[in-house]
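Residue-level listing of the chains:
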Amino acid sequence: MDEINVQNQRVIEKLKGAEPFLVDVVPAHTVIPELNDKVLLHAGPPIRYEEMTGPMQGSCMGAALFEGWADTEEEVTAMLEKGEITFIPCHHVNAVGPMGGITSKNMPVLVVENRENGNRAYCTMNEGIGKVLRFGAYSQEVVDRLKWMKNVLGPTLSQTIKEMDDGINLNVIVAKAITMGDEFHQRNIAASLLFLKEVAPGILALDGVDLSIKEEVVQFLADTDQFFLNVMMASGKATVDGARRVEEGTIVTTLTRNGKDFGIRVSGLGDQWFTAPVNLPRGLYFTGFTEEDGNPDIGDSAITETIGVGGVAMIAAPGVTRFVGAGGFEDALETSDEMMQIYVEHNPNYSIPTWDFKGAPLGIDIRKVVETGITPIINTGIAHKQAGVGQVGAGTVRAPLACFEKALVAYAESIGLDID
């Protein structure tokens, strides 16, 4: 037991020591070579197209139309049903994706470098609210926005970041924003504005870029309260992938969902997936929608809870509790206190004033999860179960206990423990 604790501490030190910097925004295929020809990345553990729920299938439709692989919905559907498009989990190629997570070769991705380890991670940019690809919408409006992000937003941010001396230190933004009421899953208002503060002067100073384009980009960033979510996701992925190099112990290095299965990976068990059926989020639905309309849990955005923010750090953003239907301040405090029964320690990098300046939770131990029966709580948007509709609410969801039980059995076997 002591040896496992020592191993876990080595993983924890990698998580604490991560130095994520945003260094570029580039077309996905330039940094993810697997995105050649008709290949799409998706959220969660591996899944086949026919198993995907409506929102993920809708995102596939939108991505194919964006890439110009077909001209009509009927043609795309035929391609998908014939198996002409290959699918790869984002997590298998150093990437993460929100909700459906669908990423295609020409979509611009954020590039985050963990300078403590030298590894990089990638995530698409946030599209804003309303009918968006990540929630399964694929109308012409959605495709046009993706093209604008490819042709305008991505190149403008890339040029701006390259003009900076050292990229953007994301730990600094997170440390500030967590004291301003963000938990980095459902609430990123402060972090998004701090990000805008970092890039706006550089955007305005760019040579050879029309003023109208600069104004478009700045306005989009100002309007997109959740823009930093995707930045945080890439930061989280870069952080855990650095820690995954310590291939020992019982610390969770991935939490993710594909609408069918919830999947986790563990430090001492490498790339092996442990899955169980996802749960249905519970929360508040937009006017005209009910729980009957909601899609089961989906998305790689639980990378935030993996590194100890998001729902498990609800106390940092008590205002979010009303939005996700989780009560008030006392409920936020109770949630984060409960989570500390399954996390190893507090993260000194992310000090939370409303928690008596204790740091955010850090390091889920599968042994603690199985022993207590407490599973991580995740803040999440809720997609409509039908493709093309989009977001219909927001809430919270619990990871299924079975994932952790399976992982603990496998870990025990891996170190030669008799579990009979």
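In the block above lies the structure referred to throughout.
The structure contained in this document is the topic of the report that follows. In this text, all values refer to a predicted model and were calculated from it rather than measured experimentally. (Residues numbered from 1 in each chain as written. Predicted model: local features only at pLDDT ≥ 70, side-chain atom pairs only at ≥ 80, totals over all residues. Heavy atoms only, no water.)

**Considering the overall build of the protein chain**
For clarity, the threshold we go by: Labels follow the DSSP assignment, with helices taken as runs of H or I lasting at least four residues and strands as runs of E lasting at least two, numbered in each case from the N terminus. To get the radius of gyration, use the C-alpha atoms; to get the globule rule, take the number of residues to the power 0.38 and multiply by 2.2 Å. In this description, contact between two residues means that some pair of their heavy atoms is separated by no more than 4.5 Å. Shrake-Rupley sampling with a 1.4 Å probe provides the accessible areas, and residues are treated as covered by the protein chains on show and by no other component. For the charge count, each Lys or Arg is scored as positive and each Asp or Glu as negative, with His and the chain ends excluded. Charged groups are reduced to one reference atom each: NZ for lysine, CZ for arginine, CG for aspartic acid, CD for glutamic acid.
Looking only at helices and strands, one finds 13 helices and 16 strands in the protein chain. Against the compact-globule benchmark of 22 Å for 420 residues, the protein chain has a radius of gyration of 20 Å, which places it among compact chains. Along the first, second and third principal axes, the C-alpha atoms of the protein chain reach 60 × 50 × 45 Å. Contacts in the protein chain between residues far apart in sequence, at least 24 positions, make up 71% of those at least 6 positions apart. When the accessible surface of the protein chain is summed, it comes to about 15800 Å², and 49% of that surface belongs to carbon and sulfur atoms. Considering the protein chain, the positive charge centre built from 33 side chains and the negative charge centre built from 57 side chains are found 1 Å apart.

**Let's talk about the nonpolar core**
Grouped burial of nonpolar side chains is what soluble globular proteins tend to show. Basically, it comes down to this: Only buried Ala, Val, Leu, Ile, Met, Phe, Trp, Tyr and Cys residues count toward a nonpolar core, and they belong to the same one when joined by side-chain atoms within 4.5 Å. For every residue, the accessible area (1.4 Å probe, protein chains only) is compared with the maximum for its type, and the residue is labelled buried under 20%, exposed over 50%, or partly exposed between those bounds.
Judged by nonpolar contacts, the single largest core of 91 residues is most densely connected at Leu221, Phe228, Ile264 and Phe404. The element that contributes the greatest number of residues to this core is helix H8 (residues 227–243), accounting for 10 residues. With residues up to four places along the chain from it excluded, the contact list for phenylalanine 228 reads Leu170, Ile173, Val174, Phe184, Asn188, Ala191, Ser192 and Phe195. If you look at the next biggest cluster of nonpolar residues, it comprises 31 residues, including Leu40, Val132, Val143 and Ala383.

**Comments concerning the environment of glycine 136**
Within the fold, glycine 136 resides in the loop between strand E6 (119–124) and helix H4 (140–163). Residue glycine 136 is classed as buried on the basis of its relative accessible area of 0%. For the pair glycine 136 and glycine 58, spaced 78 residues apart in the sequence, the C-alpha separation amounts to 4.3 Å. When near neighbours in sequence (up to four residues on either side) are disregarded, glycine 136 contacts Pro55, Gly58, Ser59, Ala387 and Gly388.

**Notes on the sheet that holds strand E7 (residues 168–169)**
Put simply, the rule is: Pairing between strands is defined by DSSP: at least two bridges between the two strands are required. Every axis in this analysis is a line fitted to C-alpha atoms, fitted for helices over the stretch in contact. Angles between the N-to-C directions lie between 0 and 180 degrees.
Ordered by their spatial adjacency, five strands build an open sheet running E4-E6-E5-E1-E7, and the pairing between neighbours is mixed. The open sheet terminates on both sides in strands that have one partner only, identified here as strand E4 (95–96) and E7. As paired elements, strand E1 (residues 20–27) and E7 share two bridges and run antiparallel to each other. The partner of leucine 22 across the bridge, within E7, is isoleucine 168. Along the sheet, H8 contacts E1, E4, strand E5 (108–114) and E6; its crossing angle with E6, the most-contacted strand, is approximately 150 degrees.

**Quick notes on H8**
The following threshold applies: How far a helix is expected to stretch is found by multiplying one less than its residue total by 1.5 Å.
With 17 residues, H8 ought to run about 24 Å at 1.5 Å a step, and its terminal C-alpha atoms sit 25 Å apart, in line with that. Within H8, 17 of the 17 residues are buried, leaving the element largely enclosed by the surrounding structure.

**Overview of the packing of aromatic side chains**
Inclusion rule: For Phe, Tyr and Trp, where Trp contributes only its six-membered ring, two rings pair if their centres lie within 6.5 Å, and the inter-plane angle classes them as stacked under 30 degrees, edge-to-face over 60, or tilted in between. Note on criteria: charge over ring means Lys NZ or Arg CZ within 6 Å of the ring centre, with the direction from the centre no more than 35 degrees off the ring normal.
Across all of its chains, the model carries four aromatic pairs by this definition. Its guanidinium or amino end placed over the ring of phenylalanine 21, arginine 115 lies 4.1 Å from that ring's centre, counting from NZ or CZ. Across from the ring centre of tryptophan 273, 4.7 Å away, lies the NZ or CZ of arginine 265, which sits over that ring.

**Section: the side chain of aspartate 241**
For aspartate 241, the position within the fold is in helix H8. Residue aspartate 241 is classed as buried on the basis of its relative accessible area of 10%. Beyond its immediate sequence surroundings of up to four residues, aspartate 241 is in contact with Asn94 and Asn119.

**Concerning the packing of H4 against helix H7 (residues 211–223)**
Basically, it comes down to this: Angles below 35 degrees are treated as roughly parallel, those above 145 as roughly antiparallel, those between 65 and 115 as roughly perpendicular, and all remaining angles as oblique.
Two elements in contact, H4 and H7, have axes whose closest approach is 10 Å; the angle formed by their N-to-C orientations is 90 degrees. Taken together, the axis directions place H4 and H7 in an arrangement best described as roughly perpendicular. Between H4, through Trp148, Val152, Leu153, Thr156 and Leu157, and H7, the contact on the second element is made entirely by Ile213, Glu216, Val217, Phe220 and Leu221.

Functional significance is not addressed by these values, which are geometric in nature.
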